[in-house]
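Observations on the three-dimensional arrangement
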Amino acid sequence: MAGSILVTLAFVLSLFSLIMYYLSFRGAKNTLNYARLAYHGMAMLIIVACAYFLFLILTNQFQYKYIYNYSNDQLPLGFLISTFWAGQEGSFMFWILCTVIVGIFLQSYTAKRGELEPKVMTVFVLTVTFLIAMITPPLKNPFAYLWAEAAFIDLKHINPAHLNLPFIQNFMFTNDSGETNFVKINHEIYTLLANSGISINEFVIHGKGLNPLLQNFWMQLHPPLLFVSWALAAVPFAFAIAALLKNDYSDWVRQSFPWTLTATGLQTLGIMTGGYWAYGVLGWGGYWAWDPVENSSLVPWLIGVAAIHTMLVQRHSQEKGGTGRFAKTNLILCILVFITVLYSTFLTRSGVLGDASVHSFVSPGALVYITLLVFIISFLSLGIGMIAYRWKSLNQFVVKDENLLSRELALFTSAVVVGASALIVLVGTSAPIFGQSVEIKFYDEMHIPIAIIVGILNGLSLLLKWNETKGSEILSKSRNSLIATGIFAVILIVFGKVYDIMMILLATSAAFSLFVNVEIGYRVVRGNKIKIGSYIAHIGIALFILGVVGSAGYSATKEIDLVKGEKQEAFGYSMVFTGFEPIQGGAKYAFNIDVEYGNKKYNVRPVMYISEFNNSLMREPDILQGWFKDFYVAPLGYEDGRAGEENHSHGQEVTLEVGKQVEALGAKITYVEFIRPDMEVMMAGGEFSMGAKLKIEFGGKSYDIDAITKRDGEGLLSVPVELKEANLKIELANIDMTSKNAVLILNNITGAEDVHATRSAEVLSITAAIKPFVNLVWLGIIVITLGFFLSAYRRLRESWN
Amino acid sequence: MKQKHIFGGVMVVVFLSLMIYLFTQTNLQYESDFSKVKSKERMIKATGSWVKEKGHETDQNKNFVFTMKDVSGNEMKVVYDGAIPNNFEVATSVVVTGMYRDGYFHAKNILTKCPSKYQDVKDPKSASM
């Protein structure tokens, strides 16, 4: 209750702050202090609500629906904390927390810079208000109680001490197979329990737990990084709309630049920690699969990168006074960054991608769906509307056209190319909404030429001066880099044996940009250290592209069956499977493989386990990380040798009605009579058996046998019978209580033994892959991020009036 | 200046036509009616559910074989060149990408949808004890 009140109060204060800021912007005199007070009050409420929510998670308060669904009492502290953002409600609240804290910094930032605060904060608080509305009680409230809507709780999550209460029986349910029992939790049982002095928290004592895929380090890091960057994405949007409100475009680029750079830098890290998770934990075999969820986080990043390039041109052309070049482009791009963040939220939370993504998304209800849509449409129409409204005055600031060989044009072209990439990803990702979908090839083939152009532009733009450059000057400046690139290309083809023309172009253009950035960057930075950021970021991009060429273009994969103790070879690595052992207290199994490469010995231990959370086989890869390549081992399955006996598929399956006869494996089989289970024992849930009385005729003799299935505490168990005289093994696969039809599986005993013999070895099936230069991908990302932060620092110093 | 605009325009047209061309080339349609899946001779994404009663197996060529049915109960044998996917046995629905040929569906890719991350317990049938 306290949580819902905190959230509701925060919403009210946020609304009040919005109105006060708007009035201040319209010229009211005494409202600014109220606006600030309300904002900080709201921020405190949100922080307290989040702290309270975390407290509820840490103390396992399963009377809250969210905590029951995503947490349990066995999680260690670190994973309990990541429960905070494991589900929709919690991740919304976490996003709000980040946004609210960003707002505190933004308020003090804008308060120190002239008249900025009222107009920027009006827009920013508007986004905050919308976000908080999403977690208020009618929508995705993280503080909703378990009994608010009827929920079926697994019996094993209930405190057994309270199960003997007389009224509990009325709330007991069972599922189709009759194996799992549930207790229905609703207002009624809540009241009945309360009357007996029992709270729901004492009644429900375990939670469903955290999805095992999220129980790792990268999932503790990835969501916070992404949400902080998304919170920051609202800032350039606020600056852009504020500039439009004021109809003054001279300062907003300079003032919002450090925010845009920081947001994009954090997004780079956020996206890639997700990629590393897919590579190192999910065992996708790669870091990027063009999955809609990945894509939807990439689009805002790409648009942010495009915006940074054209914002730079506007900044530079402003030095001569006036608004500068690309004012409209910059406004549109900064608005689009935030809109695509919202769109990404919509795609991943609304259930529209249900069939398209490996991530599971179930519709969160019509109300939330509509609210999200309203959210996007409002902000989109606000952006478009404002630009249309100011179109005339925006067109008054026409600047003289630039020369073809100018840095302005190179930067603009870069933005266009990156924007094209954003469009491709957006189109492909949105296709499932219209019942379409694209193959991964669509993204790959479109991006190879784009990446080649990016490489060339990345190098070329540094060789170009602002305004105008002579062709001969470019050649003389780039001589060293061109020679180095030539040598690189020769090495690539002769020693690297790369013959695919697109891959040669891609790697060579990336290498070219790397050399130019290093050379020119070194010269410039020696004179002026503050300019280092962009060179670092572009070196990062070049390294990243080289890493992608190696790890995606030249990775090789092989499926291998490792028989225990036998040596197998793949890609020059020899492997011996030596057995498995339980780890983490028997929760998981590590499969030990001794690897030899060159003269060195290694050990890889991929992991498999059955997760209680979803009752499925989970697999975790293990990676032998090298400087130049990774050796990637993902487990597929394990057969312990006894599997052959239990494998039904090798036998012949027949279905028989009572009294009917069938000929199989040289014998005549008659279904004589149904063996009835003891009904009383059965109803009481005790052990019983049922089956079919059979008559087997073979070689002129007749035999009577019973094919039986037993039920004990574990479930149904079929008992195979062997008839040595007829070389026949019979197993009752299924028997229907009402029709009495029996499904039998027939095997030859000798044949079955043959199968048994060939399968008696323990076999571990794996996918082995080689990933050349994958380290350059990670290194590139870290270097890019560093570059963003260094640039943000530089632009922050320039943001003062 | 005119030339530059023409050049820019041409580039935009080239880019868009390339994108539309590739889109149509790599486009995969969703199909939940298996009688239509069987009649189409192109790559498709078939959505349905696994017929639990018929089980699943791994054949000699290490293919994963199972039977799927659509909403109206049409069944289809699916052969997937790979191992059983995570979560397969608890999946509420299955999306297979591939083509129907020679009496069965050759799947290149399987996607299992599970009642996990963002879903509550499915209402169990109210067969009271």
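Residues numbered from 1 in each chain as written. Chains lettered and ligands numbered in written order. Predicted model: local features only at pLDDT ≥ 70, side-chain atom pairs only at ≥ 80, totals over all residues. Heavy atoms only, no water.

Focus: the overall build of chain A
Looking only at helices and strands, one finds 23 helices and 23 strands in chain A. The principal-axis extents of the C-alpha atoms in chain A amount to approximately 110 × 75 × 45 Å. Of the roughly 34900 Å² of accessible surface on chain A, 61% is carried by carbon and sulfur atoms. Seen as two clouds, the 58 positive and the 61 negative side-chain charges of chain A have centres 17 Å apart. (Helix = DSSP H or I, 4+ residues; strand = E, 2+ residues; numbered from the N terminus. Areas by Shrake-Rupley, 256 points an atom, 1.4 Å probe, with all protein chains shown as cover. Lys, Arg positive; Asp, Glu negative; His and termini not counted. Charge placed at Lys NZ, Arg CZ, Asp CG, Glu CD.)

Topic: the side chain of S414 of chain A
Residues and elements named next belong to chain A. Mapped onto the secondary structure, S414 falls in helix α15 (residues 407-430). Take S414: its relative accessible area is 12%, and that puts it in the buried class. Once residues lying within four places of it in the same chain are set aside, the contact partners of S414 are H309 and L457. (Buried < 20%, exposed > 50% of the residue type's maximum accessible area, 1.4 Å probe, protein only. Contact = heavy atoms within 4.5 Å.)

Brief notes about helix α10 (residues 252-282) of chain A
Given 3.6 residues per helical turn, the α-helix brings residues three or four places apart onto the same face. Residues and elements named next belong to chain A. An ideal rise of 1.5 Å per residue puts 45 Å on 31 residues; α10 measures up with 42 Å between its terminal C-alpha atoms. Along α10, the sharpest kink reaches roughly 30°, centred on P258. Of all 31 residues making up α10, 29 are buried, and the element is well covered by its neighbours. Taken from the residues just after α10, G283 is the one with a positive phi, measuring 75°. (Expected span 1.5 Å × (residues − 1). Bend = angle between axes of the 7 residues up to and from the residue.)

A look at the packing of helix α5 (residues 88-111) of chain A against α10 of chain A
All names here are of chain A. Axis separation between α5 and α10 bottoms out at 13 Å; the angle between their running directions is 155°. Regarding the angle of α5 to α10, the classification is roughly antiparallel. Note that α5 runs across α10; the crossing there is right-handed. Taking contact as the criterion, the partners of V102, F105, L106 and Y109 in α5 are, on α10, Q255, P258 and W259. Its residues assigned to classes, the contact of α5 with α10 shows 6 nonpolar, 1 polar and no charged. (Axes fitted to C-alpha atoms, helices over the stretch in contact; angles between N-to-C directions. Parallel < 35°, antiparallel > 145°, perpendicular 65-115°, else oblique. Left-handed = near helix turned anticlockwise from the far one by under 90°. Nonpolar A, V, L, I, M, F, W, Y, C, P; charged D, E, K, R; others polar.)

Some details on the packing of aromatic side chains
Two measures describe an aromatic ring pair: the distance that separates the ring centres and the angle between the ring planes. Scanning all chains against the criterion turns up 50 aromatic pairs over all chains. Judged by centre distance (5.9 Å) and plane angle (20°), the ring pair of Y52 of chain A and F143 of chain A falls under stacked. On the criterion of sequence distance, the pair formed by Y52 of chain A in helix α2 (residues 31-58) and F143 of chain A in the loop between α6 (116-134) and β1 (151-154) is long-range, its members being 91 residues apart. Taking relative accessible area as the criterion, Y52 of chain A reaches 23% and is therefore assigned partly exposed. K328 of chain A extends its terminal NZ or CZ atom over the ring of W391 of chain A, reaching a point 4.7 Å from the ring centre. When the ring centre of Y104 of chain B is taken as reference, the NZ or CZ atom of K77 of chain B above it lies at 5.4 Å. (Phe/Tyr/Trp six-rings, centres within 6.5 Å; stacked < 30°, edge-to-face > 60°. Lys NZ or Arg CZ within 6 Å of the ring centre and 35° of its normal.)

Here's the deal with the pattern of salt bridges
Residues and elements named next belong to chain B. Counting across every chain of the model gives 18 salt bridges over all chains. Across the pair E31 and K40 runs a salt bridge whose closest N-O atoms are separated by 3.4 Å. According to the relative accessible area criterion, E31 is buried, its value standing at 12%. For K40, a relative accessible area of 31% corresponds to the partly exposed category. (Salt bridge = Lys/Arg side-chain N within 4 Å of Asp/Glu carboxyl O.)

Section: the confidence of the model for chain B
All names here are of chain B. Within chain B, residue pLDDT values average 77, and 84% of them lie at 70 or more. By mean pLDDT, strand β3 (residues 56-58) is the weakest element of chain B at 81, and strand β5 (residues 75-80) is the strongest at 90. Contacts for the low-pLDDT stretch residues 116-129, under 50 throughout, to residues beyond four places or in other chains number 35 contacts. For this predicted complex, the interface confidence score (ipTM) comes to 0.77, while the overall pTM stands at 0.83. (pLDDT = per-residue confidence, 0-100.)

A short note on the sheet that holds strand β5 (residues 556-563) of chain A
Adjacent strands of a sheet pair through backbone hydrogen bonds, lying either parallel or antiparallel. Residue and element names in this part refer to chain A. Ordered by their spatial adjacency, 4 strands build an open sheet running β5-β23-β13-β12, and the pairing between neighbours is antiparallel. Here the strands that pair on one side only, and so sit at the sheet edges, are β5 and β12 (622-625). Averaged over all pairs of adjacent strands, the angle between their axes in this sheet comes to 25°, without regard to strand direction. Note: β12 against strand β13 (residues 629-639), 4 bridges, orientation antiparallel. Bridging from a neighbouring strand, D622 pairs with V633 of β13. (Pairing = 2+ DSSP bridges.)

Comments concerning the packing of α5 of chain A against helix α9 (residues 217-246) of chain A
Residues and elements named next belong to chain A. The N-to-C vectors of α5 and α9 enclose an angle of 45°; their axes lie 8 Å apart at closest approach. One way to sum up the angle between α5 and α9 is to call them oblique. For the element pair α5 and α9, the recorded crossing hand is right-handed. Contacts from S91, F94, W95, C98, T99, V102, L106, Y109 and T110 of α5 reach α9 at P224, F227, V228, W230, A231, L232, V235 and F239. When the residues that make up the contact of α5 with α9 are grouped by side-chain class, the tally is 14 nonpolar, 3 polar and no charged.

Focus on the pairing of β5 of chain B
All names here are of chain B. Bridge count between strand β4 (residues 64-69) and β5: 6 bridges; the pairing is antiparallel. Residue pairing across strands places T67 opposite K77, the latter belonging to β5. Here β4 hands over to β5 after 5 residues, with G73 in that stretch at a positive phi of 95°. Two strands pair when backbone bridges link them, and β5 and strand β7 (residues 104-113) are joined in this way by 3 bridges, in the parallel orientation. When the sheet's bridge partners are listed, Y80 is paired in β7 with A107.

Concerning the nonpolar core
Residue and element names in this part refer to chain A. Counting 157 residues, the largest nonpolar core has I185, F203, V204 and W252 as the members making the most contacts within it. Of the residues forming this core, the biggest block, 18 residues, is contributed by α9. Each residue touching V204, except ones within four places of it in the same chain, is listed here: F62, Y68, L146, I153, H157, I158 and I185. (Core = buried A, V, L, I, M, F, W, Y, C linked by side-chain atoms within 4.5 Å.)

Description of the environment of A537 of chain A
All names here are of chain A. Examined against the element boundaries, A537 turns out to sit in helix α19 (residues 532-553). A relative accessible area of 12% places A537 in the buried class. Distance in space between the C-alpha atoms of A537 and K497 is 29 Å, their sequence separation being 40 residues. Other than its neighbours up to four places away in sequence, A537 contacts V783, I784, G787 and F788.

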